[in-house]
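# An overview of the molecular structure
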Amino acid sequence: MEVKNNRLVGDNVTYVQATKFNKTVDMKPDAIIIHYTAGASGAATVKLFSAKSATTSAHLVVSEDGSVTQMVDFNRKAVHAGTSSYGGRSSYNNFSIGIEISNPGYLQKIDGKYYTWWEAKKDKKTATATSKVFTGKHRNSVTKMTYWHTYTDAQIKTVKEICQAICNAYEIKEILGHEEIAPGRKCDPGPAFPLDDMRTEVLAKKNISINDLFKNAMAESATSALVIGKVSAKLNFRTEPSTTAPLKSSPIPKDTFIYIIGEKGDWYNILREITGWIDKEFIEQDNSDSDYDGELLTDNAMLYSDEKKTKRLVSSLNAGTKFNILEQQENMFRIKAVVAGWACAQYIKKQ
């Protein structure tokens, strides 16, 4: 394989243009980010990225048989990395090439059998063959899943060849997993992919040393222009500006910072962050480039204090609420969402 005119050339390489990418600004790539698709097939991912409604993309998709579909030229910014930082750098879309490997990701163990996340939801489930189950801990301590779908030998070989070809064409400094530039939010490519061995081999040929210490960079808040307030006492958080209105969630602790987005009489309409555990069945996970990791599928979703559902925190989150993932179990996710509600203005001091 080799790179010519910002495209990969070789056997089993085809081109299908993605819908969502920067078509005007040139990019000088110096990093490669490895992903898994969390989907059923490479063809499905290609169809997703090329759909008119697509909001994300990657430069390359590697299917199960090792065939490659390029969807964005290497000198254009694809939409694959999301809020990201590593080694003091952030916003990896601006200088990285994204490689999506077709792979379901983590597996759930139910009654001694293993299932992909979509099969686990079905009444009549089709189990993953035990020969395709990899057992291992994730590099990020916040990711608790143990069982993962294996990658094919053809995929591993192809990805290594791709990375070598890209390194020969560009001044690549880093080959990283999505899990390393967004730890906690993302867990791909996961322990089933030999990322450490592959990048050591590929980068060693260019005598490039990688920085194995990452730093989490705070992304610029989309709400930075809003008025910030601080709660002066333990404060009830309600659905409407009334002392008789139902509680939106557990009370807001003293000294919590919130955003004020409106007021009515003696009440402020505020935004606060809610963190808690939720069943996988109530969420749709987004493994792409979105600023959020997923959204709620139902108005009846319950948020709990821990993965054992010891205490209910919120019972009124609405379908469509966006959230970020802080920690993952096999069927429980600790998420952080921003929720709007009402609180007495006398207990909130504007900052």
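Residue indices follow the written sequence of each chain, beginning from 1 at its first position. Confidence filtering applies because this is a predicted model: local features only for residues at pLDDT of at least 70, side-chain atom pairs given and counted only at 80 or more, and all residues used for totals across whole chains, interfaces and linings. Side-chain figures throughout are based on the complete set of non-hydrogen atoms in the structure, without hydrogens or water.

## With respect to the pairing of strand S15 (residues 227–231)
Relative to strand S16 (residues 257–264), S15 is paired through 4 bridges, and the arrangement is antiparallel. Paired with isoleucine 228 across the bridge in S16 is tyrosine 259. Bridge count between S15 and strand S24 (residues 348–350): 3 bridges; the pairing is antiparallel. Pairing of glycine 229 across the sheet is with lysine 350, part of S24. DSSP bridges decide pairing: two strands pair if at least two such bridges lie between them. A helix here means a DSSP run of H or I that spans at least four residues, while a strand means a run of E at least two residues long, and both kinds are numbered starting from the N terminus.

## With respect to the confidence of the model for the protein
A residue-level look at the protein finds 92% of positions with pLDDT of 70 or above and a mean pLDDT of 87. Of the regions scoring below 50 in pLDDT, residues 207–224 engages in 27 contacts with residues more than four places distant in sequence or in other chains. The quantity called pLDDT is the predictor's confidence in a given residue, expressed from 0 to 100. A contact between two residues is defined here by any heavy atoms of the two lying within 4.5 Å.

## Here we look at helix H2 (residues 153–169)
In a regular helix each residue adds 1.5 Å, so 17 residues correspond to 24 Å; H2 covers 25 Å between its end C-alpha atoms and thus fits that length. Burial classes: relative accessible area under 20% of the type maximum marks a residue as buried, over 50% as exposed, and values in between as partly exposed (1.4 Å probe, protein chains only). Taken residue by residue, H2 has Gln155, Thr158, Val159, Ile162, Cys163, Gln164, Ala165, Ile166 and Cys167 as its buried positions. By this rule, a helix spans an expected 1.5 Å times one less than how many residues it contains.

## Considering the environment of lysine 47
Turning to its location among the elements, lysine 47 is positioned in helix H1 (residues 42–50). Among the residues examined, lysine 47 registers a relative accessible area of 64% and is labelled exposed. The spacing of lysine 47 and valine 314 is 267 residues in sequence and 37 Å in space, taken between C-alpha atoms.

## Things to note about the sheet that holds strand S12 (residues 133–135)
As summarised here, the arrangement of the 4 strands in space is S11-S10-S13-S12, forming an open sheet in which the pairing is antiparallel. Only two strands of the sheet have a single partner each, and these edge strands are strand S11 (113–115) and S12. The mean angle between the axes of side-by-side strands here comes to 45°, regardless of whether they run parallel or antiparallel. Where strand S10 (residues 106–110) and S11 come together, 3 bridges link them in antiparallel fashion. Counted as the bridge partner of lysine 109 is tyrosine 114 from S11. All axes here are fitted lines through C-alpha atoms, helices being fitted over the stretch that makes contact, and every angle between N-to-C directions spans 0 to 180 degrees.

## Focus on the side chain of arginine 272
With respect to the helices, strands and loops of the structure, arginine 272 is situated in strand S17 (residues 267–279). The convention is simple: Lys and Arg are positive, Asp and Glu are negative, and His and the chain ends are not counted. A pair is scored as a salt bridge if a Lys or Arg side-chain nitrogen falls within 4 Å of a carboxyl oxygen belonging to Asp or Glu. Here arginine 272 sits buried without a salt bridge, and the closest side chain of opposite charge, glutamate 273, lies 8.5 Å off (N-O distance). Residue contacts for arginine 272: discarding those within four places in its chain leaves Phe237, Ser249, Ser250, Pro251, Ile252, Pro253, Ile258, Ala337, Val338 and Val339.

## What to know about helix H4 (residues 195–204)
Of all the residues in H4, the buried ones are Leu195, Met198, Arg199, Val202 and Leu203. Taken end-on, H4 shows its buried residues confined to a sector of 110°, consistent with a single buried face. With respect to the buried face of H4, the exposed residues turned more than 90 degrees away are Asp197 and Thr200. Close packing links the buried residues of H4 with strand S4 (31–36), H2, strand S14 (174–177) and helix H3 (178–181). The directions from the helix axis to the C-beta atoms form the arc being described.

## Quick word on the sheet that holds strand S6 (residues 68–70)
Two orientations exist for strands paired in a sheet by backbone hydrogen bonds: parallel and antiparallel. With mixed pairing, 6 strands are arranged side by side in an open sheet as S3-S6-S5-S9-S4-S14. On the outer flanks of this sheet lie strand S3 (13–15) and S14, each paired with one strand and no other. Strand after strand, the sheet turns through a mean of 20° between neighbouring axes, direction not considered. Running over the sheet, H1 touches strand S5 (60–62), S6 and strand S9 (96–101) and is turned about 160° from S5.

## Description of the pattern of salt bridges
Side-chain pairs of opposite charge can arise whenever the charged atoms involved come near each other. Evaluated as defined, the whole model comprises 19 salt bridges. Across the salt bridge formed by aspartate 73 and arginine 7, the nearest N and O atoms sit 2.7 Å from each other. Taken together, the residues span a long stretch of sequence, with aspartate 73 in the loop between S6 and strand S7 (85–86) and arginine 7 in strand S2 (residues 7–9) at a distance of 66 residues. The shortest N-O distance in the salt bridge between aspartate 293 and lysine 186 comes to 3.7 Å. One end of the pair, aspartate 293, is in the loop between strand S18 (283–285) and strand S19 (294–296); the other, lysine 186, is in the loop between H3 and H4, with 107 residues separating them in the sequence. Accessibility classification places aspartate 293 together with lysine 186 in one group, the buried group. Taken together, the shared-partner salt bridges connect Arg139, Glu179, Glu180, Asp196 and Arg199 into one network.

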